[in-house]
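# A closer look at the structure
Spelled out, the chains give:
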Amino acid sequence: MKKIYIILFVFCVFCHQISAQSGPDRSLLKKAEKGDVTSMYNLGCFYNKQGKEEYALFWWGKAAEEGFPEAQFNLGIYYIKNNDYDSAFPWLVKSEAQNHGASAQNWLGVIYAKRHEMETALSWWLKSAAQYYAPAQFNIGAYYYNTREYDMSKVWLNRAAQQGHQGAKDLLQKEVFK
């Protein structure tokens, strides 16, 4: 009798794993289809974790169009990672305007840096760094490093390094800082 229960238990666990891998929870899908913005966003996250980018983009896009800042941010980051800065820009601006804050500001700085508009990039990074966002502090330090303003670079890199930013720690090991 114990063997039957063990076999049934293993079978149930196996079936649950297969169903979890095959698709999202039906109630989540129904809520998203009915217009629930949080469900749309969560469905996008589900598909993103499954590696199904088209579905993730579809659901994040629907949530982003409804003004959901996390979906707007995720779309912006997706486009940045795919070097599509023009598509990323409006989503990050919308996300930042809805208090997504330091991270969106930092990425807006990155977009402006890619466009070689360094003054504007620096202004976005400074807004982000004022909120103690280490990646922005690193970007400012790297900017000053590249312009050979090593004293300013060291100040910003130290701020980022104190928060554990590995890139800042690595850059501070350069000979110019010793």
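In this report, we go over the structure that sits alongside the text. (Residues numbered from 1 in each chain as written. Predicted model: local features only at pLDDT ≥ 70, side-chain atom pairs only at ≥ 80, totals over all residues. Heavy atoms only, no water.)

### Quick notes on the environment of F177
- The topology assignment puts F177 in the segment after α11 (166-171).
- A residue is classified by how much of its surface remains accessible, and F177, at 10% relative accessible area, is buried.
- Along the sequence, F177 and S153 sit 24 residues apart, while their C-alpha atoms lie 9.2 Å from each other.
- With sequence-adjacent residues up to four places away left out, F177 is seen in contact with Y145, Y150, S153, K154, L157, L171 and L172. (Helix = DSSP H or I, 4+ residues; strand = E, 2+ residues; numbered from the N terminus. Buried < 20%, exposed > 50% of the residue type's maximum accessible area, 1.4 Å probe, protein only. Contact = heavy atoms within 4.5 Å.)

### Section: the packing of aromatic side chains
- Following the criterion strictly, the structure yields 10 aromatic pairs and no others.
- An angle of 70° between the planes, with centres 5.3 Å apart, marks the rings of F46 and Y47 as edge-to-face.
- Members of the aromatic cluster, connected to one another through ring pairs, are F46, Y47 and Y55.
- In this structure, K127 is placed above the aromatic ring of W124, and the distance from its NZ or CZ to the ring centre is 4.2 Å.
- Lying over the aromatic face of W156, R159 brings its terminal NZ or CZ to 4.3 Å of the ring centre. (Phe/Tyr/Trp six-rings, centres within 6.5 Å; stacked < 30°, edge-to-face > 60°. Lys NZ or Arg CZ within 6 Å of the ring centre and 35° of its normal.)

### Observations regarding helix α3 (residues 37-49)
- Taking 1.5 Å per residue as the helical rise, α3 with its 13 residues ought to reach 18 Å, and the 19 Å between its terminal C-alpha atoms agrees with that figure.
- Taken together, the buried positions of α3 are V37, S39, M40, Y41, L43, G44, C45, F46 and Y47. (Expected span 1.5 Å × (residues − 1).)

### Notes on helix α6 (residues 85-100)
- An ideal rise of 1.5 Å per residue puts 22 Å on 16 residues; α6 reaches only 18 Å between its terminal C-alpha atoms.
- Considered for burial, the residues of α6 that qualify are Y85, A88, W91, L92, S95 and E96. One face of α6 carries all of its buried residues, which in axial projection span an arc of 145°. Relative to its buried face, α6 has exposed residues pointing more than 90 degrees away, namely D86 and A97.
- At the exit of α6 stands G101, carrying a positive phi of roughly 70°. (Arc of directions from axis to C-beta.)

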